[in-house]
Amino acid sequence: MKFEDLLLEIGGFGRFQILILFILCLTRINLPLHFLLHNFLAATPSHHCAIPHQEAFVNLTMEEILLISIPREPDGTFRSCEMFSQPQFHLLLNSSLQPENDSIIQDCQHGWVYDHSQFTSTISTQWDLVCEQRGLNQATATFFFIGVTMGAVVFGYLSDRFGRKAMLLLSLVCSVIFGMLSATSVSYSMLSITRTLTGVALSGVSLIVLPLGMEWVDIQHRTFSGVVMSIFWSIGNMLLAMIAYLVRDWHWLLVAVTGPCILSIVCLWWVPESARWLIANGKVKQAHKHLLRCAKMNGMKDFALSPEALRMMTTEKKPGESYSYISLFRTPVLRKISLCSGAVWFGVAFSYYGMSMKLTGFGLNMYLSQFVFGIIEIPAKMIVYVLVNRVGRRQSQAWSLILTGLCIGANIIIPKPFTSLRSVIATMGKGFSEAAFTTVFLYTSELYPTVLRQNGMGYTSFVARLGGALAPLVFLLDDVWMSLPEVTYCGVAVCCGSVAFLLPETLNARLPEGIEDIE
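If you're wondering where the values come from, they're calculated on a predicted model, not measured in any experiment.

**Quick word on the overall build of the protein**
Within the protein, the regular secondary structure consists of 22 helices and four strands. A compact globule built from 519 residues would reach a C-alpha radius of gyration of about 24 Å, and the protein, at 26 Å, matches this within 12%. Taking the principal axes of the C-alpha coordinates as reference, the protein spans close to 95 × 45 × 40 Å. Going through the 519 residues of the protein one by one, you find that 56% of them count as buried. Look at the contacts in the protein between residues 6 or more apart in sequence, and 80% of them connect residues 24 or more apart. Total accessible area on the protein stands at roughly 21,600 Å², and carbon and sulfur atoms take up 66% of it. Of the side-chain charges in the protein, 36 are positive and 35 negative, and the distance between the mean point of each set is 13 Å.

See the structure below:
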């Protein structure tokens with residue numbers, strides 16, 4: 001008897017599964033609150049060089065002081081990173097006569113003055129992460145995703161070794177600890193370290209929530225469950241926009257987005273360990289207990305199965321055999337799946353975070369952009385639900401990622417003044433990007449066998465987080481060529497989307513239990 005047959009006897013999608021999925025969905029909301037937090041945590045408001053007080057400035061207004069102290073851009077705005085070495089008083093008579101001699105222009109010498117009308121405080125204003133230090137500002141997102149990358153390796157292995165629920169609980173507890181420590185950071189170094197450790201901890205939540213839900217659901221409802229759980233990422237996306245709008249100080253913003261993890265820890269009490277994992281690892285008594293509870297809650301009173309019968313379903317291991325990340329590359333079919341799925345995950349994460357971390361330039365303020373990007377993901381997920389069941393996982397994965405790249409490419413060509421058209425194309429691209437992310441989570445959880453599923457998810461998540469870590473740094477390439485970041489995102493998305501055509505189709509297929517089911 002296969003586990004899918006057993007699920008049909010106890011109710012493959014009843015009240016028991018709905019309760020589990022609801023709690024796991026609430027837990028999933030925590031992810032975008034931190035994964036996309038960089039947009040607000042490290043936001044850089046308009047700024048200019050601080051000007052030391054001089055006696056000659058006594059009778060001048062602030063606008064006049066800026067006029068004689070700071071050079072202007074061609075569009076008339078004051079430069080953010082440069083100032084005159086000496087006040088240019090002649091500009092008071094004719095402000096249009098900007099000095100052509102660059103020798104009188106120097107970098108800011110006395111710090112910066114920031115516009116606090118939108119943000120009370122961000123890490124940019126706290127530690128002057130602007131101008132020459134702009135790279136350190138973007139690096140905070142990279143540090144976080146490096147942590148997520150390391151966590152993917154750790155939690156992927158541990159959750160296959162010690163169980164899904166225990167590692168999910170550990171992940172949430174550590175997320176609360178390191179999230180609160182981040183909020184109390186007194187230096188940039190402390191923030192970088194605590195944000196990296198928060199990324200390690202949250203990686204467990206990202207990695208475990210979906211497979212734990214999928215392993216309790218029958219084949220017919222697997223896609224529906226995956227899409228519903230993914231919708232709660234979008235809800236978290238919109239919730240982040242509202243929290244950031246209400247909380248404008250970065251210390252309290254970190255507290256506000258970390259708090260929901262505490263609720264998730266409490267709710268996890270009602271979530272059982274995966275019976276599929278327990279059986280695969282020979283823990284049949286615990287699996288029997290959870291299966292009886294499931295049958296009772298789903299109204300299947302006639303269900304009766306002895307622990308001995310469950311023991312026959314245990315995946316047999318050869319003497320001395322153990323599963324690790326190396327197992328993903330030992331056999332031909334698994335090797336092909338691992339290489340191709342890794343490339344797809346990199347492209348999905350690289351393009352998604354590349355779009356998500358650029359909320360300006362579309363004619364909307366950043367809070368509204370964040371909220372709209374969250375809303376557009378929901379219909380994208382609804383379309384995914386139809387497509388993956390009609391045209392299959394492989395086609396949906398490939399074309400959603402390719403179309404993401406084409407939308408990014410289109411905005412390179414469309415002139416900046418066409419803000420409405422650029423907003424529409426960017427929103428469509430964000431929808432396709434989210435469709436690709438929704439599909440890849442579902443698709444990958446179906447590609448790997450139970451004995452290696454979390455190792456497989458850990459490996460692909462590791463590759464994805466490399467993409468997430470590199471995505472914010474690509475913005476620094478605009479110093480080489482203004483459109484180079486968008487060209488990079490476009491090219492990677494199209495190439496990695498094409499690789500998805502090499503993966504096997506899993507529509508209506510049983511979840512494989514052992515490596516022999518794959519090979």
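Once you've had a look at it, read on.
**Focus: the nonpolar core**
Of all hydrophobic cores here, the largest spans 123 residues; its most connected members are Phe35, Leu168, Leu291, Tyr353 and Phe437. Residue assignment places this core across two domains, with domain 1 (1-32 + 127-316) and domain 3 (328-518) each supplying three or more. Beyond its immediate chain neighbours, meaning those up to four positions away, Phe437 contacts Trp345, Val348, Ala349, Tyr352, Tyr353 and Arg465. Judged by nonpolar contacts, the second largest core, of seven residues, contains Cys49, Met83, Cys108 and Val130.

**Re the domain arrangement of the protein**
Here the protein is described as being made up of domain 1 (1-32 + 127-316), domain 2 (47-97 + 110-126) and domain 3 (328-518). Computed from C-alpha coordinates alone, the two centres of domain 1 and domain 2 are separated by 49 Å. A buried area of about 1,200 Å², summed over both sides, lies between domain 1 and domain 2, and 57% of it is on carbon and sulfur atoms. At the surface where domain 1 touches domain 2, the tally comes to zero salt bridges. At the junction of domain 1 with domain 2, the criterion picks out ten residue pairs in polar contact (both at pLDDT 80 or more). Sorting the residues of the side of domain 1 that touches domain 2 by element identifies helix 7 (134-162) and helix 11 (250-258) as the ones contributing at least two each. A class-by-class count of the residues in the side of domain 1 that touches domain 2 yields six nonpolar, three polar and four charged.

**Some details on the UniProt feature "transmembrane region" (unreviewed entry) in the protein**
Per the UniProt entry, the sites bearing "transmembrane region" (unreviewed entry) are residues 12-31, 139-159, 166-191, 197-217, 224-246, 252-271, 337-355 and 367-388 in this numbering. Between the C-alpha atoms that bound residues 12-31 the distance is 27 Å, and the span itself is 80% helix and 0% strand. Helix makes up 86% of residues 197-217 and strand 0%, with an end-to-end C-alpha separation of 32 Å.

**Describing the state of the cysteines**
Under the defined criterion, the tally for this structure stands at two disulfides. In this model Cys49 forms its disulfide with Cys108; the gap between the sulfur atoms is 1.8 Å. On the sign convention where negative means left-handed, the S-S torsion of about -70° between Cys49 and Cys108 marks this disulfide as left-handed. Here Cys49, found in strand 1 (residues 47-49), pairs with Cys108, found in the loop between strand 3 (105-107) and strand 4 (112-114); they are 59 residues apart in sequence, far enough to count as distant. With a relative accessible area of 1%, Cys49 lands in the buried category. Accessibility expressed as a relative area gives 14% for Cys108, which makes it buried.

**Some remarks on unusual backbone geometry**
The backbone phi angle of Asp128 is positive, close to 50°, even though this residue is not glycine. For Asp128, the position within the fold is in the loop between helix 6 (123-127) and helix 7. At Cys131, a residue that is not glycine, the phi angle is positive and equals roughly 55°. The topology assignment puts Cys131 in the loop between helix 6 and helix 7.

Rules behind the numbers
Residues numbered from 1 in each chain as written. Predicted model: local features only at pLDDT ≥ 70, side-chain atom pairs only at ≥ 80, totals over all residues. Heavy atoms only, no water. Helix = DSSP H or I, 4+ residues; strand = E, 2+ residues; numbered from the N terminus. Rg over C-alpha atoms; globule rule 2.2 N^0.38 Å. Buried < 20%, exposed > 50% of the residue type's maximum accessible area, 1.4 Å probe, protein only. Contact = heavy atoms within 4.5 Å. Areas by Shrake-Rupley, 256 points an atom, 1.4 Å probe, with all protein chains shown as cover. Lys, Arg positive; Asp, Glu negative; His and termini not counted. Charge placed at Lys NZ, Arg CZ, Asp CG, Glu CD. Core = buried A, V, L, I, M, F, W, Y, C linked by side-chain atoms within 4.5 Å. Domains from an automatic or database assignment. Buried area = accessible area lost by both parts, 1.4 Å probe. Salt bridge = Lys/Arg side-chain N within 4 Å of Asp/Glu carboxyl O. Polar contact = N/O pair within 3.5 Å; in protein donor to acceptor, adjacent residues only side chain to side chain. Nonpolar A, V, L, I, M, F, W, Y, C, P; charged D, E, K, R; others polar. UniProt positions renumbered as here; feature names shortened; annotations may be inferred. Disulfide = S-S within 2.5 Å.

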